Amino acid sequence: MTNREIADILQRIGDMLDILGENRFKVLAYRRAAENISHLGQDVRTYWRAGTLQEISGIGPAIADKIDELLTTGHLEFYERLQDQVPTGVVSLLEIPDVGPRTAKLLWDQLGLQSVAEVEAAARSGKLQTLPGLGAKSETKILAGIEALHRRSDRIPLGTAWPVATALLEELKATCADVLQATVAGSLRRMRATIGDIDLLASSEVPAPVMRAFAALPPVAEVLLSGQTKTSVRLHNGLQVDLRVLEPDRWGAALQYFTGSQAHNVHVRELAQKQGLSLSEYGFKQQGNGEILCPEEAEVYETLGLPWIPPELREDRGELEAAQTGELPRLVEWDDIQGDLHAHTDWSDGAGTLEEMAQAARAKGYHYLVISDHTQSLGVANGLTPERLRAQRAEIEALNAQYDDFTLLQGCELEIKADGSLDFPDQVLAELDFVVASVHTSLRQDREQITERVMNALRNPYVDVIGHPSGRLLGQREESAVDLDAVIRAAAETGTALEVNSIPTRLDLDDVHARRALELGVRLAINSDAHHAGGLDSLPYGLATARRGWATAGDVLNALTLEEIRAWRKARPGVGQGTHKSGR
DNA sequence: GCCGTTTTCGGCCCGACTGTTTTCAGTCG
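This text gives an overview of the structure that appears in the document. None of the values given here were measured: they were computed from a predicted structure.

1. Focus on the overall build of chain A
Argument step 1. Looking only at helices and strands, chain A has 24 helices and 17 strands in total.
Argument step 2. For chain A, whose C-alpha radius of gyration is 27 Å, the value lies close to the compact-globule estimate of 25 Å for 584 residues.
Argument step 3. Taken over the C-alpha atoms alone, chain A extends approximately 80 × 65 × 50 Å along its principal axes.
Argument step 4. Taking all 584 residues of chain A together, 53% fall into the buried category.
Argument step 5. Within chain A, counting contacts between residues at least 6 apart in sequence, those at least 24 apart form 67% of the total.

Here's what the structure looks like:
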C-alpha cells in the first residue's frame, strides 16, 4: 500500500466524518494527516517498521493505529463501517463546486441523492429549490457547478499559467492608472508544478475601478463573482483568475495572506495568536489597541520575530520551525546557475544546430552547455551511433576553438533499455565529457523491473545523472512504478546526481523527492532538456522546483564551475580510475 | 484527533462572498 493510497483513505474518512457532522477539528485532523503523508518523500512503511509513525506531523495515536491496521491487514474496519454509513456516491457530491458537506447531507437525507448524475436530474426537474435553505438561485448555481465539473480541465502546468498571469498583469497596469502595485500570488507565486487557478493581487486607493478594468480585459470571458475587494473571472482559454485589491499600506499583509499556502497561513496565524495578535490579510490586530499594518511582506514575518520566508517554501513542511531556529536554507538562485547539463540538437531530435544552442547558452551567461543527444536505440529520436557521436565530437571541438569564455561539453542522453542494459558500452561512454542516463521505453514495467533498470544505470561509473527519474508527464502520464526512494538511496551511495528536469510538463524529480534526495546528500542537476534554443528558457521552472525542495547552491551540480564539475566527475567512485565499480 | 517556550486539557486562522434567514450558514481559499 502506497503513501498515496493511505492518504486517499484518510482524506475520504475526513470527507465522510464531515458529512456526518463530526467535530470539525477531528475532520481537520484526518485531512492534515492525509496531506502530510502525501508529501512525505519517503515510504510511510519505513516509519511503520521502525514504529515511529507518530513522528510524522499530524499523526497521533489514533491515526497511527489505523495506518498500522491498513499496512498489517490491508483494510481498515473503521473505514469500512463509515462506508456503510455514508455511500461513496454521497462523498462524490463534494466534488461539485459550491456543494459542501452540509449540502451533500441535505441532498442525501431529503431526496436520497447519491450521485452527481442524480443531483443533476433533480436540479433540472426543480426539486432542489424545494429543500430548506436552498432556493432557485442555489439550484442554478449547483447546475452550473455540475457543468463546470464535467468540462473540468485538470490542473494547469506552471509553465502554461505563468505567461498568462504575467500578461494579464501587464494589461491591467497598462489600462488602469489606479493600480499602484500588482503581482502574482497563490500557488503560482509558490511555483507549484501545477496550479488550479491564477491568483493576482493589486493595491490601489480605489479598488472599484481596478476591478472593473480587470473584468473588462480582452481575455476575460465571464465574471464569476464580484464583490468589494475581490473579482473572479473565467478566461476564454478556460482558466479561472481571481483578483484581490487592497490598500497599499496593507500590501505586505495581503501578499503574505494571498500567497498561502493555506496550511502555511494557518500555522503563521497560530504563531501570531501566541503573541496575542490576530493576523488577517489586512494586517495584525492587537487586543484592544489597534492594528499593525504591514506595507512590506517581510514585516509580517518580522512582527513574529521571523526572517522572511521564500514563497516556494510556504507549504507548512517545516519552514516555520526552520525560520524559528534560524535554519532556513539559503536557496539556490538564478545567478548561481553556471550552465546547463542536458540539451539536444538536430543531431538527434532537437531543432537547433550545435552552434545555435551554444550561442543561446552563451547569451544566458552560461559558461558551459552539455550536448546530450539521444543514443542509437531510440530510433524515433534519431539516436546517435558511436560513429555519429565521433563525427559530432569534431564539430563540437571546432566550435569550442572559437570561444574563450564558454565550453560545449559532449555528452549523451544514454538510453536505459527495457532489459536494463545501457545503449553504449563503457569504452564509448569513456570518451564522453558527461553522461545523462534516462528511461524512455517500457515505462509500464512493474516496480521491481523498472527500478532494477535504473539501479543498473546508477551502478555504471560513467553515468553522471539520471534524467527525469519518475517519467511523469503532467496531465498526460502518471509516473512509472519506479521506487524513487530506493533510487535516491542508491544515488547517494554511488555519488550519482539526479535530474530536476525543467520541461514544464515534467518537473521531474518533483519538489518532494528532490528534498528527500538532498536529505541524503544527493546532488541535483537542474536541466532544461532543451530541444531548441528557446527550450533553454524553461530552466527557471526546474530551478523553482529545486527551491521548493529546499536546494541551496551547494546542492546543485550546475551551480559548480566547469573545473569543479570535472573535479566532481573525477572524484566519483570508479570514474577517475577508469575502472568498473565492484558489485555489478 | 492532534498538540504543547503561557497548556497533558482545552484549545484548534480568518475573512469574502452568496443566498436566503430578517441576523446567519455554507462554501471557499
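2. Digging into the protein's contact with DNA strand B
Argument step 1. Within the structure, DNA strand B sits among 48 residues, and Gly-60, Gly-100, Thr-103, Arg-269 and Tyr-282 are positioned closest to it.
Argument step 2. Sugar and phosphate atoms constitute 74% of the interface atoms of DNA strand B, taking the interface as everything within 4 Å of the protein.
Argument step 3. In this structure, Gly-100 approaches DNA strand B through a main-chain N or O atom, which is 2.6 Å from a phosphate oxygen.
Argument step 4. Within the side chain of Lys-285, a nitrogen or oxygen atom sits 2.8 Å from a phosphate oxygen of DNA strand B.
Argument step 5. For the surface near DNA strand B, the elements supplying multiple residues, two or more each, are α2 (24-38), α4 (61-73), α7 (101-111), α9 (136-150), β5 (220-226), α14 (262-274) and β8 (277-280).
Argument step 6. Among the residues making up the surface near DNA strand B, the classes are represented as 18 nonpolar, 17 polar and 13 charged.

3. Description of a negative patch on the surface
Argument step 1. A cluster of acidic side chains, namely Asp-346, Glu-355, Glu-356 and Glu-395, defines a negative patch on the protein surface.
Argument step 2. Structurally, the position occupied by Glu-356 is in helix α17 (residues 354-363).

4. Here we look at the environment of His-264
Argument step 1. By secondary structure assignment, the location of His-264 is in helix α14.
Argument step 2. Along the sequence, His-264 and Arg-390 sit 126 residues apart, while their C-alpha atoms lie 53 Å from each other.

5. Concerning the nonpolar core
Argument step 1. Counting 63 residues, the largest nonpolar core has Leu-369, Leu-414, Leu-498 and Leu-524 as its most contacted members.
Argument step 2. The element that contributes the greatest number of residues to this core is helix α21 (residues 484-494), accounting for six residues.
Argument step 3. Counting residues in each nonpolar core, the second largest holds 32 residues, with Val-179, Ala-182, Val-210 and Leu-243 among its members.

6. What to know about the packing of aromatic side chains
Argument step 1. Scanning all chains against the criterion turns up four aromatic pairs.
Argument step 2. Between Tyr-30 and Phe-78, the aromatic rings sit 6.2 Å apart at their centres with planes inclined by 20 degrees, giving stacked as the arrangement. Taken as a pair, Tyr-30 in helix α2 and Phe-78 in helix α5 (residues 77-85) lie far apart in primary sequence, 48 residues in all.
Argument step 3. Look at Tyr-30 and you get buried, because its relative accessible area is 5%.
Argument step 4. Summarising the aromatic geometry, the rings of Trp-334 and Tyr-366 are spaced 6.0 Å apart at their centres and angled 50 degrees between planes, so their arrangement reads as tilted. A residue pair is termed long-range when its members are at least 10 positions apart, and Trp-334 in the loop between α16 (319-324) and β11 (339-343) and Tyr-366 in the loop between α17 and β12 (368-374) qualify at 32 residues.

7. What to know about the side chain of Asn-3
Argument step 1. With respect to the helices, strands and loops of the structure, Asn-3 is situated in helix α1 (residues 3-19).
Argument step 2. Excluding anything up to four places from it in sequence, Asn-3 contacts Ile-37, Leu-40, Gln-42, Asp-43 and Val-44.

8. Focus on the sheet that holds strand β16 (residues 497-501)
Think of a sheet as strands paired side by side through backbone hydrogen bonds, with each pair either parallel or antiparallel.
Argument step 1. Spatial strand order, β11-β12-β13-β14-β15-β16-β17: seven strands in an open sheet with parallel pairing. Of all the strands in the sheet, the pair left with one neighbour each is β11 and β17 (524-527).
Argument step 2. Pairing of β11 with β12, which is carried by three bridges, proceeds in the parallel orientation. Within β12, the position partnered with Asp-340 by the bridge is Leu-369.
Argument step 3. Against the sheet, helix α23 (residues 539-548) engages β11, β16 and β17, with an angle of about 150 degrees to β17.

9. Section: the environment of Arg-24
Argument step 1. By the element assignment, Arg-24 lies in helix α2.
Argument step 2. Residue class for Arg-24 comes out exposed when judged on its relative accessible area of 62%.
Argument step 3. Residues Arg-24 and Asp-65, 41 residues apart in the sequence, show an inter-C-alpha distance of 21 Å.

10. Description of the pattern of salt bridges
Argument step 1. Counted according to the given criterion, the structure contains 35 salt bridges.
Argument step 2. A salt bridge links Arg-393 to Glu-397; its shortest N-O distance comes to 3.3 Å. Here the residue Arg-393 and the residue Glu-397 both occupy positions in helix α18 (residues 386-400), the gap between them amounting to four residues, near one helical turn.
Argument step 3. One salt-bridge network, held together by shared partners, links Arg-190, Glu-315, Arg-317, Asp-511 and Arg-548.

The rules behind each value
Residues numbered from 1 in each chain as written. Chains lettered and ligands numbered in written order. Predicted model: local features only at pLDDT ≥ 70, side-chain atom pairs only at ≥ 80, totals over all residues. Heavy atoms only, no water. Helix = DSSP H or I, 4+ residues; strand = E, 2+ residues; numbered from the N terminus. Rg over C-alpha atoms; globule rule 2.2 N^0.38 Å. Buried < 20%, exposed > 50% of the residue type's maximum accessible area, 1.4 Å probe, protein only. Contact = heavy atoms within 4.5 Å. Near = heavy atom within 4 Å. Polar contact = N/O pair within 3.5 Å; in protein donor to acceptor, adjacent residues only side chain to side chain. Nonpolar A, V, L, I, M, F, W, Y, C, P; charged D, E, K, R; others polar. Patch = residues over 30% accessible without salt bridge, like charges linked within 9 Å, V, L, I, M, F, W, Y side chains within 5 Å. Areas by Shrake-Rupley, 256 points an atom, 1.4 Å probe, with all protein chains shown as cover. Salt bridge = Lys/Arg side-chain N within 4 Å of Asp/Glu carboxyl O. Lys, Arg positive; Asp, Glu negative; His and termini not counted. Charge placed at Lys NZ, Arg CZ, Asp CG, Glu CD. Core = buried A, V, L, I, M, F, W, Y, C linked by side-chain atoms within 4.5 Å. Phe/Tyr/Trp six-rings, centres within 6.5 Å; stacked < 30°, edge-to-face > 60°. Pairing = 2+ DSSP bridges. Axes fitted to C-alpha atoms, helices over the stretch in contact; angles between N-to-C directions.

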